[in-house]
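# Analysis of the macromolecular model
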Amino acid sequence: MDFFGNTTPGSQMPMQNETYQPTENAAVQEEKKTPQRNPFAIWEVGGETYRLKLQTAGVKELEAKYKGSIMELMSFKGMMPPLTVMLDVAHTAMKPWTHKVSAKDMESLYDKYEQEGGDLLSFFTNVYLEVFLVSGFLSKSVAAEMSESLAEMRKEL
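Because the structure is predicted, anything quoted here is derived from the model rather than measured.

### So, the overall build of the protein chain
For the protein chain, the count of helices and strands is 7 helices and 2 strands. For the protein chain, the α and β elements follow one another from N to C terminus as α-β-β-α-α-α-α-α-α. Across the 157 residues that make up the protein chain, the buried fraction comes to 32%. In the protein chain, the proportion of contacts linking residues at least 24 apart, taken out of those at least 6 apart, comes to 62%. Summed over all atoms, the accessible surface of the protein chain reaches about 10500 Å², with 53% contributed by carbon and sulfur.

Structure (structure tokens):
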């Protein structure tokens, strides 16, 4: 031991008046275990990559248009939403990052998506539901479960 009460190198004894402090608390450890939310849903069409994420203004716009909660649009009356609704949500989620794409352009993009091998069900699982996941409408644990379910669905498609 040296003059100040420190232990010699290699010794595991704590210094005098030193208290045990865990390096990380349980909340930090749990946060590390929980997968982080992706910043955007990605839709690739015709060699272009589009970023999609709903922001507050877009949510308000969609709720006014469909006269209901944004959560009701996730599963439209318990079923897969009509293509019109899915394209509206995708367009609204795309607008902040891709200003040049109009609502009418979305129809052409979807047609191109189908020509490249996409289909309605894959658009629903890979684009539409991803928008809700990345936009924070689900808790991290529910989002993680839903991501796993979507991954399994994609394998089956």
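### Focus: the nonpolar core
Judged by nonpolar contacts, the single largest core of 33 residues is most densely connected at Trp 43, Leu 52, Leu 54, Val 89, Phe 123 and Tyr 128. For this core, the secondary-structure elements that each account for two or more residues are strand 1 (41-45), strand 2 (48-52), helix 2 (56-66), helix 3 (70-74), helix 4 (83-94), helix 5 (103-115) and helix 6 (120-134). In terms of residue count, helix 6 provides more of this core than any other element does, 9 residues in total. Sequence-distant contacts of Phe 123, defined by excluding residues within four places in its chain, comprise Trp 43, Met 86, Leu 87, Ala 90, Tyr 110, Tyr 113 and Tyr 128.

### Here's the deal with the packing of aromatic side chains
Each aromatic ring pair is described using two quantities: the centre-to-centre distance and the angle formed by the ring planes. This model, assessed by the stated rule, comprises 10 aromatic pairs. Aromatic pair Tyr 110 and Tyr 113: ring centres 5.9 Å apart, planes at 40°, arrangement tilted. Separated by 3 residues within a single helix, Tyr 110 and Tyr 113 lie in helix 5, roughly one turn from each other. You'll find Tyr 110 and Tyr 113 in the same group, each marked buried. Taking the centre distance of 5.8 Å and the plane angle of 70° together, the rings of Tyr 113 and Phe 123 count as edge-to-face. With Tyr 113 in helix 5 and Phe 123 in helix 6, the pair connects residues that are 10 residues apart, well separated along the chain.

### A short note on the environment of Phe 137
Tracing the chain through its elements places Phe 137 in the loop between helix 6 and helix 7 (140-156). The spacing of Phe 137 and Leu 54 is 83 residues in sequence and 9.6 Å in space, taken between C-alpha atoms. Beyond its immediate sequence surroundings of up to four residues, Phe 137 is in contact with Leu 54, Val 59, Ile 70, Met 71 and Phe 132.

### Notes on unusual backbone geometry
At Lys 67, a position not held by glycine, the phi torsion is positive, near 50°. For Lys 67, the position within the fold is in the loop between helix 2 and helix 3. In this structure Lys 67 comes out as exposed when scored by relative accessible area, which is 73%.

### Overview of the pattern of salt bridges
One pass over the full model with this rule turns up 3 salt bridges. The shortest N-O distance in the salt bridge between Lys 95 and Glu 61 comes to 3.0 Å. Here Lys 95, found in the loop between helix 4 and helix 5, pairs with Glu 61, found in helix 2; they are 34 residues apart in sequence, far enough to count as distant. Of the residues examined, Lys 95 reaches a relative accessible area of 28% and is grouped as partly exposed.

Quick notes on the rules
- Residues numbered from 1 in each chain as written.
- Predicted model: local features only at pLDDT ≥ 70, side-chain atom pairs only at ≥ 80, totals over all residues.
- Heavy atoms only, no water.
- Helix = DSSP H or I, 4+ residues; strand = E, 2+ residues; numbered from the N terminus.
- Buried < 20%, exposed > 50% of the residue type's maximum accessible area, 1.4 Å probe, protein only.
- Contact = heavy atoms within 4.5 Å.
- Areas by Shrake-Rupley, 256 points an atom, 1.4 Å probe, with all protein chains shown as cover.
- Core = buried A, V, L, I, M, F, W, Y, C linked by side-chain atoms within 4.5 Å.
- Phe/Tyr/Trp six-rings, centres within 6.5 Å; stacked < 30°, edge-to-face > 60°.
- Salt bridge = Lys/Arg side-chain N within 4 Å of Asp/Glu carboxyl O.

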